[in-house]
Every structure is written in structure tokens, then in C-alpha cells.
There are 2 protein chains.
Amino acid sequence: MMKKIVLRDDEMPTQWYNVVPDLPNGVLPPLDPETKQPMGPEKLAAVFPMGLLEQEMSTERFIDIPEEVLEILKIWRPSPLVRATTLEKVLGTKAKIFFKNEAVSPVGSHKANSAVPQAYYNKREGVKRLTTETGAGQWGCALSLATSKFDLECKVYMVRVSFDQKPYRKSIMQTFGANVVASPSMETRTGRAILEKMPETHGSLGIAISEALEDASSREDTKYALGSVLNHVILHQSIIGLEAKKQMEIAGEYPDVIVGCCGGGSNFAGLASPYIPDYLNGRKIRFVGTEPASCPTLTAGRLAYDFGDVAGTTPLLYMYTLGHDFIPPGIHAGGLRYHGMSPIVSAMVREKIVEPVQLHQLECFEAGVLFAKAEGIIPAPETCHAIRGAIIEAMRNPEEPKTILFNFSGHGLIDMASYDRYFAGQLHDYAYPAEAIAQSMANLPKI
Amino acid sequence: MMKKIVLRDDEMPTQWYNVVPDLPNGVLPPLDPETKQPMGPEKLAAVFPMGLLEQEMSTERFIDIPEEVLEILKIWRPSPLVRATTLEKVLGTKAKIFFKNEAVSPVGSHKANSAVPQAYYNKREGVKRLTTETGAGQWGCALSLATSKFDLECKVYMVRVSFDQKPYRKSIMQTFGANVVASPSMETRTGRAILEKMPETHGSLGIAISEALEDASSREDTKYALGSVLNHVILHQSIIGLEAKKQMEIAGEYPDVIVGCCGGGSNFAGLASPYIPDYLNGRKIRFVGTEPASCPTLTAGRLAYDFGDVAGTTPLLYMYTLGHDFIPPGIHAGGLRYHGMSPIVSAMVREKIVEPVQLHQLECFEAGVLFAKAEGIIPAPETCHAIRGAIIEAMRNPEEPKTILFNFSGHGLIDMASYDRYFAGQLHDYAYPAEAIAQSMANLPKI
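Residues numbered from 1 in each chain as written. Chains lettered and ligands numbered in written order. Predicted model: local features only at pLDDT ≥ 70, side-chain atom pairs only at ≥ 80, totals over all residues. Heavy atoms only, no water.

**Let's talk about the overall build of chain A**
Line of reasoning, step 1. Along chain A, the regular secondary structure elements total 19 helices and 15 strands.
Line of reasoning, step 2. Against the 2.2 N^0.38 benchmark of 22 Å for 447 residues, chain A shows a C-alpha radius of gyration of 20 Å, consistent with a compact globule.
Line of reasoning, step 3. Expressed along its principal axes, the backbone C-alpha trace of chain A runs to roughly 60 × 50 × 45 Å.
Line of reasoning, step 4. Taking all 447 residues of chain A together, the buried fraction comes to 67%.
Line of reasoning, step 5. By sequence separation, contacts in chain A at least 24 residues apart represent 76% of the contacts at least 6 residues apart.
Line of reasoning, step 6. A total of about 15100 Å² of accessible surface is found on chain A, and carbon and sulfur atoms cover 51% of it. (Helix = DSSP H or I, 4+ residues; strand = E, 2+ residues; numbered from the N terminus. Rg over C-alpha atoms; globule rule 2.2 N^0.38 Å. Buried < 20%, exposed > 50% of the residue type's maximum accessible area, 1.4 Å probe, protein only. Contact = heavy atoms within 4.5 Å. Areas by Shrake-Rupley, 256 points an atom, 1.4 Å probe, with all protein chains shown as cover.)

**Focus on the interface of chain B and chain A**
Line of reasoning, step 1. Listed by partner, the interface residues are 44 residues for chain B and 44 residues for chain A.
Line of reasoning, step 2. For the pair chain B and chain A, the summed buried area comes to about 4000 Å², and 59% of that belongs to carbon and sulfur atoms.
Line of reasoning, step 3. Across the chain B-chain A interface, the total number found is two salt bridges.
Line of reasoning, step 4. In this structure, the salt-bridge partner of B:Lys4 is A:Asp9, at a minimum N-O distance of 2.8 Å. (Buried area = accessible area lost by both parts, 1.4 Å probe. Salt bridge = Lys/Arg side-chain N within 4 Å of Asp/Glu carboxyl O.)

**Details of the packing of aromatic side chains**
All names here are of chain A.
Line of reasoning, step 1. Using the criterion set out here, one finds 31 aromatic pairs over all chains in the structure.
Line of reasoning, step 2. Here Tyr 422 and Phe 423 contribute two aromatic rings whose centre-to-centre distance is 5.6 Å and whose plane-to-plane angle is 55 degrees, an arrangement assigned as tilted.
Line of reasoning, step 3. Each member of the aromatic cluster is reached from another via a ring pair, and the members are Phe 99, Phe 371, Phe 406 and Phe 408.
Line of reasoning, step 4. Looking at Lys 170, its charged tip hangs above the ring of Phe 163, at a distance of 4.2 Å from the centre.
Line of reasoning, step 5. When the ring centre of Tyr 254 is taken as reference, the NZ or CZ atom of Arg 283 above it lies at 3.7 Å. (Phe/Tyr/Trp six-rings, centres within 6.5 Å; stacked < 30°, edge-to-face > 60°. Lys NZ or Arg CZ within 6 Å of the ring centre and 35° of its normal.)

**Digging into the domain arrangement of chain A**
Residues and elements named next belong to chain A.
Line of reasoning, step 1. One can read the domain layout of chain A as domain 1 (74-108 + 231-441) and domain 2 (112-226).
Line of reasoning, step 2. On a C-alpha basis, the centres of domain 1 and domain 2 stand 24 Å from each other.
Line of reasoning, step 3. The interface of domain 1 with domain 2 comprises 27 residues on the first partner and 24 residues on the second.
Line of reasoning, step 4. Where domain 1 abuts domain 2, roughly 1800 Å² becomes buried across the two surfaces, and 62% of that area is made up of carbon and sulfur atoms.
Line of reasoning, step 5. Contact with domain 2 buries area across many residues of domain 1, yet Val 107, His 236 and Ile 414 alone supply 34% of it, more than any other trio.
Line of reasoning, step 6. Applying the counting rule to domain 1 against domain 2 returns two salt bridges. (Domains from an automatic or database assignment.)

**Some words on the side chain of A:Lys149**
Line of reasoning, step 1. Within the secondary structure layout, A:Lys149 lies in helix 6 (residues 138-149).
Line of reasoning, step 2. At 4.8 Å, B:Glu375 is the nearest oppositely charged side chain to A:Lys149, a buried residue that forms no salt bridge.
Line of reasoning, step 3. The contact partners of A:Lys149, leaving out residues within four places of it in the chain, are A:Ile72, A:Ile75, B:Thr86, B:Lys373, B:Ala374 and B:Glu375. (Lys, Arg positive; Asp, Glu negative; His and termini not counted.)

**A word on the sheet that holds strand 6 (residues 129-134) of chain A**
Remark on secondary structure: sheet strands pair via backbone hydrogen bonds, oriented parallel or antiparallel.
Residues and elements named next belong to chain A.
Line of reasoning, step 1. Pairing in this open sheet of four strands is parallel, and the strands run 8-7-6-9 from one edge to the other. Edge positions in the open sheet fall to strand 8 (179-183) and strand 9 (222-224), since each of these has one partner strand only. On average, each strand axis in the sheet is inclined to that of its neighbour by 25 degrees, with strand direction left out of account.
Line of reasoning, step 2. Of the pairings in the sheet, the one linking strand 6 to strand 7 (residues 153-159) comprises six bridges and is parallel in character. Looking at strand 7, one finds that Thr 134 is bridged to Met 158. (Pairing = 2+ DSSP bridges. Axes fitted to C-alpha atoms, helices over the stretch in contact; angles between N-to-C directions.)

**A look at the sheet that holds strand 9 (residues 222-224) of chain B**
All names here are of chain B.
Line of reasoning, step 1. Within the open sheet, the four strands sit side by side as 8-7-6-9. Their pairing is parallel. Each edge of the sheet is formed by a strand with only one pairing partner; in this case those strands are strand 8 (179-183) and strand 9. Across the sheet, the axes of successive neighbouring strands diverge by a mean angle of 25 degrees, strand direction being ignored.

**Side note on the packing of helix 16 (residues 361-375) of chain A against helix 18 (residues 416-423) of chain A**
Residue and element names in this part refer to chain A.
Line of reasoning, step 1. Axis separation between helix 16 and helix 18 bottoms out at 11 Å; the angle between their running directions is 110 degrees. The angle between helix 16 and helix 18 places the two elements in the roughly perpendicular class. For the pair formed by helix 16 and helix 18, the contact residues are Leu 362, Phe 365, Glu 366, Gly 368 and Val 369 on the first element and Ser 418, Tyr 419, Tyr 422 and Phe 423 on the second.
Line of reasoning, step 2. Taken together, the residues of the contact of helix 16 with helix 18 break down into six nonpolar, two polar and one charged. (Parallel < 35°, antiparallel > 145°, perpendicular 65-115°, else oblique. Nonpolar A, V, L, I, M, F, W, Y, C, P; charged D, E, K, R; others polar.)

**Quick look at the nonpolar core**
Line of reasoning, step 1. Formed by 234 residues in total, the largest nonpolar core has its most connected members in A:Phe287, A:Phe406, B:Phe287 and B:Phe406.
Line of reasoning, step 2. In this structure A:Phe406 touches A:Ile97, A:Phe98, A:Phe99, A:Lys100, A:Val259, A:Leu271, A:Phe371, A:Ala386, A:Ile387 and A:Ala390, once residues within four positions along its chain are discounted. (Core = buried A, V, L, I, M, F, W, Y, C linked by side-chain atoms within 4.5 Å.)

**Considering unusual backbone geometry**
Residues and elements named next belong to chain A.
Line of reasoning, step 1. Residue Pro 184 follows Ser 183 across a cis peptide bond; omega there is 5 degrees.
Line of reasoning, step 2. Assignment of secondary structure puts Pro 184 in the loop between strand 8 and helix 9 (189-197).
Line of reasoning, step 3. Here Lys 36, not a glycine, exhibits a phi torsion of approximately 60 degrees, which is positive.
Line of reasoning, step 4. Locating Lys 36 in the fold gives a position in the loop between strand 2 (15-17) and helix 1 (41-44).
Line of reasoning, step 5. For Lys 36, a relative accessible area of 31% translates into the label partly exposed.

Here is the structure:
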């Protein structure tokens, strides 16, 4: 029986797919945080290279992947499409379950798909140094890999609690030559101000974004890189879905349901977006985006213009948001702890193309362990949310033959401390953070 | 340019290659430790299933891979063959450098290739429970994965120092359902006796083997599994070289030099052995086996019958050995800290087919970091020894066009603590352990 479909190097897509022009009613532009007017590329050019800003604003459906980027992606891409045959048996379902295995990237997740082109366009425009933030460290590792390939300096502001608790990801970044500091740090005004007030703080993604942006804005040779949310990131991640479409075709299958976990939206939209044109042409596909019940951006947030960071320094993005000063409870899927959502995924939800689903962390770890024993691969805590979503779909009516495709966004080999806590019974589910959401929603910027 | 060659599921080898019948002057049989007479399968059957013992003694060149085993291997196999194009550029060599990327296995190393068939043959013969030892944890993780797939209990005796220092590998085994204890443990006579004498001991692979064997011998439903050294393990690992031959052929290349690191010999022989028939038919290939200078089994050991464990309870194997009570210095490539060597690799060295090379750990970490920055993949400390060997070959005469193939046996994502110590300048090279070797050599059993 067919277990896995692989593609050769020369079968890898040579263009990315840009879903924006195909989205019904489109995507609203970012607003200048001061003037509240649509923000053109010239102002964003302080922190992003023009090559990426052109992609951010592009209305082209297909954009060529540069040869130099392809050459690096080919170290691990095309990634395998695997059929979870044992999981199907264990569940006793008639559904066929496929997953796209993005864990084969050298840093263990899909994040490298965007890190490589981001480093490339910066390098091409003479940038010498990139700054970024990282939470659990997946994005920081990916960008460190990419900057080492293009001989760029890389400065990573890593949320303090992860810096202390996930030493392996910090070491991976350092091995690739990146400079990693715990955030808040003494190296930025923002960081110093926060440390003065709260010397013991664990930090947050919002603080780290503010520090990385401040650093990039203050140096001529430096620009900033973001690992999710933005249109150009989702463009880069479309390679996942483009490959998956070819592979499913070779397998003689077409997905009835596509499932992915949603933090900033990049892995989900990366897999889903190349299927959107078929959907709009009448093909019956369901798109299911899973998110943590404790950070329910799509299911309990509001579609509004909001900041991407706590400090309120980024452009305003039109997206589902829980409010930019919402601090989610400490679930172990650090990559899903974000108050906002990519404007592209937000538009898909607004148009009722994507069905968002809330999941609790214990059911997700349970699904992850079941998957690991069945298919031999231990998923990252974020990926457990996709697996749980796929299992729910497979078990909705186990007698119904249907085809499920989900994104296996990353492995959990460097997240084993979370599994330890799960097995030790030290993890729990969180009550719906109603009060915190109400408070942060009240602070949405007035447009 | 071609970066990587992949094979489809249906191009995966369906037979293993057994090099034993092709080795000039063959391989001597194991001896009974009591009678010093050749040991037949009936006595070994106390700890190994007949399916594996048949393979251990087999004189067949090709042995079918069971369908159930193929199905599991296909989760990640065939593994990619990658050309290290950037490394070539960085080195400024005219050599072409290829590597077989065994790091794509779900546990990050080649060990799973033998763990899966070992679990299968035990399951087929009604065994309910497997015991094994693990040092750094690679083999323990692989066997835990395999036993979870065949619904066998798994008990891993993990060397105390790794149990304490490598918590992630322990957690991986537990996620797959294995029972992991620090060795020496209170659960065996051997363990209790050692703990009574040395309550603070760090343990050793030799002690852990003795405990796992004692456990397996004392229960009817239990057998023992070993991750390297034995003929059947090298048979299973031949899938690496069989795939590589096909892939190199597709690339239009043939290796002038094949390089691998040698601990017990399984990853090196797995890649090298399918090329032995060509060599014996007159094809010019050099086989280079790299080993730590601090555990120089092939370069400073003696070819003799010796025990596989410290306690002297295993059958006597005819192999290069430093003496079964040799304790290597604490280098970070835990998988290469073994006093003996597979009888198959030993025979290849005896016949001057394989050239053994000594390397120090600092030059290997340096090579590993160079490789990581060039090719984006962080190697395990053991794999750094193969990379260093390949680089030496590429730089011997950088103007000479030649083709080098090495085995990338595993990634280092769970070994980052070793890299931290390397970057912090806390690692050093060890002087040649002349006195320790002289002492342990004096204790070789008299045959």
C-alpha cells in the first residue's frame, strides 16, 4: 500500500501562489498607526526590504521563487506527504488521513520556508543585519539558519521564559551564528523601561516584537523579519499546499477536509490557500482551523484594525484579534499564543470559507501521544492541535469514507519538557479567559 | 543544479544485503563464554528470536524485508541523498560531496532501521517484552518507537549519566510507552551489586548491557535487543547503502571514497557494505571509517575474541577491541564510546578494505559547525566524526575532482548541550589513553 508520496527536486513548485487576489472582498490594507491612513510601501521600507513589500502588496497570483531560494529549500523540500494508515486503524475510521510532514526541515518546522526567502531579499538589497523576536524559538531557529546561509548578522529577541526554559532552541540559533538575548533586554529603550518597572517579568511576544522593531528602526544596516501573520509570509508558505496538491493528485486523492492549527496563520494558510481557487470554483472542501480555547482569536475575537504588538508600534492590521494587550494563559503551544491572526486567514473566516474550532490543550496532547505511537513521529505542541482537529473530523462519522489532509507543522523533539509535564499530570485546561478578553477588547484602537 | 535525490516508496529496496558471504576469509563465529566453543543458535535463543538468529548466521546474500517492516520504514524511508554544494564552495574543493541523510527518521538517526525489524521478529515469535541498554539514548528512542508500533513492552536501561543529562531522549522513550530506568538500577542482581559498591557511579554501557541481558534471561516472555555490532543489525542497516547506490546512479555519480563514523559499526557498514562486491570486482573505492582518538578501537585495538560487556557475560565476539573493561574518556559522541567493533567491520579492516582514521573531538565539532552553517543541518556529535573525515578527504588535494559519499547518521537537535560546552570552550581533546588500554588489553579472555 502507498504510505508516502515524495516529489523530486525538479518537481518542486518554482512559483509561490498568492491567494490575496482570489479572496472574495479582498484584504484591507495596513494603516499607519499615526495617521490611520492606508500605509504605502515607502514608510514600511524602514523595516522591510522592497522585495518583500512588493510581495506584501502584490495582486499577482503567481510569483517566481528565486533560484537561490529554491537551491536552499531543496536541502529538505519537497517535503513528504504521508498517509497515517496506522492512526486510521487505531481510530477505526473509514476516513483516509494524510499529513504533510513539514518536520523534515533542518530546524524541525515549516518556519524555514519563509525564513529563507526573507533572508534572500534582505541580502539582495544590501541589508547586513536582521532582527526578529521568537517565542518558543521555532521562528528564531529558522531565521538563524537562513541568515547563516546568506551571511547576514541575526539578532533574536527571545521571550525570557523560553530563553530560560528552552535552552536547546537558543543553542541551535547560536550554532547558526545568531546573537540571542532574553527579552526584555537592556539593549533597547522599550526593554530597559519594562525592566525598570518589572525586573522579574517573563517577557512576552509583544514586548519582543517591540524590541526587535526598535532595534531595526535605529540602524541603517538593519531590517526586521516576522515569521507569520503578514501576506508575504503566507505567500512563502504556499509551497506547502502547492506540493500537497501535486502529491494528493499522484495518490489519486482529493481532500474533503483540510486541517491546520492557527497561531499567526502561516502554516494553516500555507497548506490551505492553494486549494481556495478550487473551492471558489465549486469544489466541496471544508477548511478547519484549530486554535487554543485559551487564546480563541478566531472564535471569540473581533474583526478589527489592531496593533501586532503590545506596545502599539506596528502598522494596524485588519484581522481577528483579542486586543493587542491580551496576554494568553501559559499553554505549552507557545506558537499559538498570539492575540491576532493573519489578515488573509481572517478574511477566509469572515467569508465563511474557514471554520475555526477551539481546542483545549489536554485533548491535544492526548491526540499527539496517540499519533506518536501510531505513526512514530512526536508532534510539536502546536501540531497536536492540528492532529486533534483531524481526529475529530475522522470520528465525526467513522463510517463515512472521506479524505482528510492536515499540516504536520513541526516535530516535538525539542519540546519534550512539555510532554513530561503532561505525563506527570501537571498540565491542566484553562477556563475561558472572559474577563481578560473583555478588558483587552476595550483597548482596541479607535479607527 | 541537482541538490538532492529522493526515491519513491516503490523504489525502496525490498531485500537487505548480507555482506558476510562476500567477505574474504569470512567472519569467525561467536564463542560460548563458558566452553569457548562456537555457539549455535539454540543457546543464543534464550535472548534472541530465531528470525534474527537465522539472519545472524545467514550465508545468503539477499534476505527479504517483511512487508510489515517495509510499511513502517516507509514513514521516512527512502532517505534523501543530498549534495553538500555549499560545503564544497566553502571548502574551495573540486571534490563532490554527497551525504545520505539518515536524520530524517522520526527519532533523528539511522538506529530506527534495525529497531523496526528487531521488534517485528520478536513479535512474530510471541515475545511480549524487550529489554535493551542505551547510552546517549539514540538506540533506546529507536527501539521504543519500534516496540510501540508492534505493541511490545520495552524496558530500557539507560546509562545513569545520560539519564540525568539527556532528559529529552528519556522523555521521547516514555512518550512511545517505554519503561526507562537509570543503570545501574536496583532491578537486577548486577545493578544492585554495583550500587552497593559504588552508589555514586555514573554507570556505563557495559553495566547497562549486563542488566538488560540479566533481565531478558530471567523472564520467559522477554528477549534482548542490541542496536549495533551484531551481523543482523548490519544486515538491517544495509538499506542505507542499497538506497544510496540507486541514488548515486540516478545522480550519474560513483563514489571514490565512502566515509562513516564507527562506534559499534552499524551506520558505517550499513552505507559501505553494499559497495563491497564492486570493490572486490576491482572497482577502485576507498572506505574510510573514523573513530575517536580517545576510543581508538580500530587503530589501536587488537583483533581478538572478547566480551561485549564489562561483566563478561555475552558470547565472545571476534573483533577489534580495546579490552572489555576499557572505559573511554568522557567525549561527547556517546555513540562512539565502545570498546569493541562489529565483527563485520573488523573483518573489513583486517582485510585492508577499510582504512580506520583517528579524530579528536574538537576538530569534529569544528567540522560540525562548519557543516551546519553551510548545509543548514546540525549534526549529532557522532556524525561530526563522519563530516570531519569527509572534509579531510575533500581537502587532501582540493584540485583533484573526486566523489565523496558519507553517512549523515543523525541530527544533533537533542545534543545541543554538547555544542554549548564546545562554544563555551569547555571541551578539550584527550591524551591517548595508553595506560588504560594497556591495562584492559591485559584482561582479554584467553582462548
